[in-house]
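Descriptive analysis of the structure
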Amino acid sequence: MDFSRINNKNKNTGKDIVTFNKKKFRFSDWFAEKVIKAVAFLSIAVVILIFIFVFREAFPIFKMDKKTSASTVTLVQESYGGSGTENSTVKKADNQVNNSNIINATDEKPSATLLSNTWMPVSDKPRFGLWPLFLGTLKVTLIALLFAAPISIMAAIYTAMFAKPRVREIIKPVIELLAGFPSVVIGFFALMVMATVFQNIFGYASRLNAFVGGIAMGLAAIPIIYTLTEDALTAVPKTFIEASLGLGASRRQTAFYVVLPAAVPGIFAAVVLGLGRIFGETMIALMATGNAAMISMNPFDSVRTLSATIGAEMAEVVFGDTHYNVLFLIGSLLFIFTFALNAVAEFYFKNLVIRRYQSKK
Amino acid sequence: MNNIKVKVKDLSLRYGTNLALKNITMDIPEKMVTAFIGPSGCGKSTFLRTLNRMNDLIDNVTIEGEVYIDNINIYDKNIDVVNLRKKVGMIFQKSNPFAKSVYENIAFGPRINGISQKSVLDEIVERSLKQAAIWDEVKDRLFNSALSLSGGQQQRICIARSLAVNPDIILMDEPASALDPISTAKIEELIHELKQDYTIIIVTHNMQQAARTSDLTALFYMGDLVEMNKTEIIFSNPAKKQTEDYISGRFG
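Residues numbered from 1 in each chain as written. Chains lettered and ligands numbered in written order. Predicted model: local features only at pLDDT ≥ 70, side-chain atom pairs only at ≥ 80, totals over all residues. Heavy atoms only, no water.

1. Here's the deal with the overall build of chain A
- Regarding its fold elements, chain A presents 13 helices and two strands.
- By the burial criterion, 41% of the 361 residues in chain A qualify as buried.
- Summarising the internal contacts of chain A: among those between residues at least 6 apart in sequence, 71% fall at separations of at least 24.
- Summing over all exposed atoms, chain A offers an accessible surface of approximately 20,600 Å²; the carbon and sulfur share of this is 67%. (Helix = DSSP H or I, 4+ residues; strand = E, 2+ residues; numbered from the N terminus. Buried < 20%, exposed > 50% of the residue type's maximum accessible area, 1.4 Å probe, protein only. Contact = heavy atoms within 4.5 Å. Areas by Shrake-Rupley, 256 points an atom, 1.4 Å probe, with all protein chains shown as cover.)

2. Points about the overall build of chain B
- From N to C terminus, chain B includes ten helices and ten strands.
- In terms of overall size, chain B behaves like a compact globule, its C-alpha atoms giving a radius of gyration of 18 Å where 252 residues would be expected to give roughly 18 Å.
- For chain B, the spread of C-alpha atoms along the three principal axes comes to 55 × 45 × 35 Å.
- Per-residue burial for chain B yields a buried fraction of 53% across its 252 residues.
- Taking as baseline every contact in chain B between residues at least 6 positions apart, the subset at least 24 positions apart corresponds to 68%. (Rg over C-alpha atoms; globule rule 2.2 N^0.38 Å.)

3. Thoughts on the nonpolar core
- Core analysis: the largest hydrophobic core is formed by 94 residues, its most contacted members being A:Leu233, B:Met26, B:Phe36, B:Phe47, B:Leu51 and B:Val67.
- B:Phe47 has contacts with B:Val8, B:Leu11, B:Leu21, B:Ile24, B:Met26, B:Phe36 and B:Phe220, leaving out every residue within four places of it along the chain.
- The next biggest cluster of nonpolar side chains, apart from the first, holds 41 residues, and it includes B:Met172, B:Ile187, B:Ile200 and B:Ala210. (Core = buried A, V, L, I, M, F, W, Y, C linked by side-chain atoms within 4.5 Å.)

4. Observations concerning the packing of aromatic side chains
Residues and elements named next belong to chain B.
- Taken as a whole and assessed by the stated rule, the structure comprises 26 aromatic pairs over all chains.
- In this structure, Lys100 is placed above the aromatic ring of Phe98, and the distance from its NZ or CZ to the ring centre is 5.5 Å.
- When the ring centre of Phe98 is taken as origin, the NZ or CZ atom of Arg161, which lies over that ring, is 4.6 Å away. (Phe/Tyr/Trp six-rings, centres within 6.5 Å; stacked < 30°, edge-to-face > 60°. Lys NZ or Arg CZ within 6 Å of the ring centre and 35° of its normal.)

5. Observations concerning the pattern of salt bridges
- This structure, assessed with the given rule, holds 21 salt bridges over all chains.
- We note a salt bridge from B:Lys7 to B:Asp27, for which the minimum N-O separation is 3.5 Å. Here the residue B:Lys7 occupies a position in strand 1 (residues 4-15), and B:Asp27 occupies one in strand 2 (residues 18-29), the gap between them amounting to 20 residues.
- With relative accessibility at 34%, the residue B:Asp27 sits in the partly exposed group.
- Each member of the salt-bridge network shares a partner with another, and the members are A:Lys172, A:Glu176, A:Glu230 and A:Asp231. (Salt bridge = Lys/Arg side-chain N within 4 Å of Asp/Glu carboxyl O.)

6. Regarding the pairing of strand 3 (residues 33-37) of chain B
Residue and element names in this part refer to chain B.
- Within strand 3, five of the five residues are buried, which leaves it mostly tucked inside the rest of the structure.
- The alternating pattern of strand 3 places Val33, Ala35 and Ile37 and Thr34 and Phe36 on opposite faces, both of which are buried.
- Inspection of the sheet shows strand 3 paired to strand 9 (residues 216-221) by four bridges, in the parallel sense. Bridge pairing in strand 9 links Ile37 to Leu219. (Pairing = 2+ DSSP bridges.)

7. Focus on the interface of chain A and chain B
- Contact residues are listed per partner, giving 19 residues for chain A and 25 residues for chain B.
- Carbon and sulfur atoms supply 66% of the area that chain A and chain B bury against each other, a total of about 1,900 Å² over both sides.
- In this structure, the connection of chain A to chain B is made through one salt bridge.
- Here B:Arg49 ties to A:Glu242 by a salt bridge, and the two come within 3.0 Å at their closest N and O atoms.
- Inspection of the chain A/chain B interface yields four residue pairs in polar contact (both at pLDDT 80 or more).
- Broken down by element, the side of chain A that touches chain B gets its largest block of residues, seven residues, from helix 9 (residues 238-246) of chain A. (Buried area = accessible area lost by both parts, 1.4 Å probe. Polar contact = N/O pair within 3.5 Å; in protein donor to acceptor, adjacent residues only side chain to side chain.)

8. A short note on helix 10 (residues 251-280) of chain A
- With 30 residues, helix 10 of chain A extends just 38 Å between its outermost C-alpha atoms, more than 12% less than the 44 Å of an ideal straight helix rising 1.5 Å per residue.
- Of all the bends in helix 10 of chain A, the greatest, near 55°, is centred on A:Val264, and the proline A:Pro265 appears no more than four residues after it. (Expected span 1.5 Å × (residues − 1). Bend = angle between axes of the 7 residues up to and from the residue.)

9. Considering empty space enclosed by the protein
- The tally for this structure, following the rule as stated, stands at one cavity of 30 Å³ or more.
- Considering only enclosed or pocket space, the largest cavity measures out at about 40 Å³ in volume.
- Looking at the largest cavity, the residues that line it are A:Ala243, A:Leu247, B:Met90, B:Ile91, B:Phe92, B:Asn96, B:Cys158, B:Arg161 and B:Ser162.
- Tallied by class, the residues present in the lining of the largest cavity amount to six nonpolar, two polar and one charged. (1 Å grid on protein atoms, 1.4 Å probe; cavity = no way out; pocket = protein on both sides within 12 Å on 5 of 7 lines; lining within 4 Å. Points joined across faces, edges and corners; volume = space filled by probe spheres on them. Nonpolar A, V, L, I, M, F, W, Y, C, P; charged D, E, K, R; others polar.)

10. Considerations on a nonpolar patch on the surface
- On the surface, a cluster of nonpolar side chains totalling about 660 Å² of accessible area is made up of A:Phe188, A:Phe189, A:Met192, A:Val193, A:Val197, A:Ile201 and A:Phe202.
- Mapped onto the fold, A:Met192 is located in helix 7 (residues 183-202). (Patch = residues over 30% accessible without salt bridge, like charges linked within 9 Å, V, L, I, M, F, W, Y side chains within 5 Å.)

11. Some details on the sheet that holds strand 9 of chain B
Residue and element names in this part refer to chain B.
- What the six strands build is an open sheet, ordered 6-7-8-3-9-10; its pairing is mixed. With one partner strand each, in any of the chains shown, strand 6 (88-91) and strand 10 (224-230) form the two edges of the open sheet. Strand after strand, the sheet turns through a mean of 15° between neighbouring axes, direction not considered.
- The sheet contact formed by strand 6 and strand 7 (residues 169-173) spans four bridges and is parallel. Of the residues in strand 7, the one forming a bridge with Val88 is Ile169.
- Relative to strand 8 (residues 199-203), helix 7 (residues 181-194) is tilted by about 150°, and along the sheet it contacts strand 3, strand 7 and strand 8. (Axes fitted to C-alpha atoms, helices over the stretch in contact; angles between N-to-C directions.)

12. Structural notes on the side chain of A:Thr159
Residue and element names in this part refer to chain A.
- Relative to the helices and strands, Thr159 is located in helix 5 (residues 131-162).
- On the basis of relative accessibility, which here comes to 0%, the residue Thr159 falls in the buried class.
- Here Glu230 takes part through its side chain, which lies 3.3 Å from a polar atom of the side chain of Thr159.
- Discounting residues that sit within four places of it in the chain, Thr159 has contacts with Arg168, Ile171, Tyr226 and Glu230.

What follows is the structure, given as structure tokens:
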């Protein structure tokens, strides 16, 4: 303790005089508390603001009337590389008006096309059918999950229950390092190597498809699912394991009949969080899935996922256009889904884990 | 004196380089209660865990010497540890029922041994719970979580669970140290009942408990077996000064 700051000493006893009858203002304590509080609330505020922004940009799609709904995308695209002078803008605006009048005579409201089966945002008659994108996302996610979940869960069971400490000390960090792998690198690998190899093996038509993309995204999700599953398994109280072994259960029986059932909620949470990662994964989807928005149940057809759609089209869309709004709508949907998934993992499964191990007293 | 059930010869155990048990030699008779007493860290629990090879789970443990159970050296290379632990059951200091129903807790042991017939399982569950003197308390809530029971009840569930696999020997590692006096009395009563059929080895901090429950008592100190004899003799007329000091509370 730093006594130099306390000068008052009792002359008789030599002890420091410490008074507690008056509250003392400690600036550094106050400052630290307030700053930490501010930072915490700031991060929440940022998330909420992003949420609001995305929704606000998506919202017009639902109240848009026919007049403003016409596609201007083709025209605008033509203006790329143009002079960009005031003159041409005016001209373009004129064109837009004329064009929209013609189209509107036959076209339906763009928001009404949201549930159609075609995603064709850039055309004279744009259609914003989200089904192919949903289906594509679902397909890729399912493939990725079917690939990643069993592998990572089995790997976790191995390292948590069977591996010798030295083996575990190697395997665990190596798999966890994979989590830091930039997804663009995984995407690149999928695009250049995996796509060719799989095509040679399975002999399908389109090189980039849901299967290749799904496997690549599975690779990205493995570290997350593995780490959280491993944590869930090692969090099972040691006393359970001792009890089981003490009853003459083998290691395998202990792992599968005692530890695994006790860790099920945690493993579910791991899978759900992995699902969130796969769901929002953009770069791998963009690079490895072929990006063709079509409705097909064949896993070897190209697909376009929701997130890849935003990634591919946002840079080229006209600000304030229907297409722009639809992309934000997709963004909001992604946001809601991943939010819901995380919430389920966080609140439901984690509570389940806690309730399981705490005996009522 | 009954037949010798467990024969330990020159057993030494190291955690890494730390010598935790030094040349322990002892005989434990069948169908009697043998108590290990001694201060914390004296090696009594460690020694108990060598008797069903629970120490195998800990890294860095090296064991020398021999432990014979029914004249078979359990540290032989060909020993099946899984089946050994079926014969030598264990009750832990902290009651550790699985997060399952009472019924499932008891049925776990028979199930892993391949018994799946409902009527057989029912019978084993009832018999084990009756043996552990807890049947009357839980018969109406067999399918409630075992964790909803009180600490003393949980410990008796654990005893019932180990009885369900028909062990010969039951090792108890301070089974009542976390329990209130009434639950402790019930456990001690139970130990008294069980010694008709089982060889019981109990580790305890509590010297009165050792005096009340056991037929033989062994005092451990710093990894050494100080003295082992009939409980009456240990507590009334010990051969060594160290034993007398310990039981009269002068150290430990």
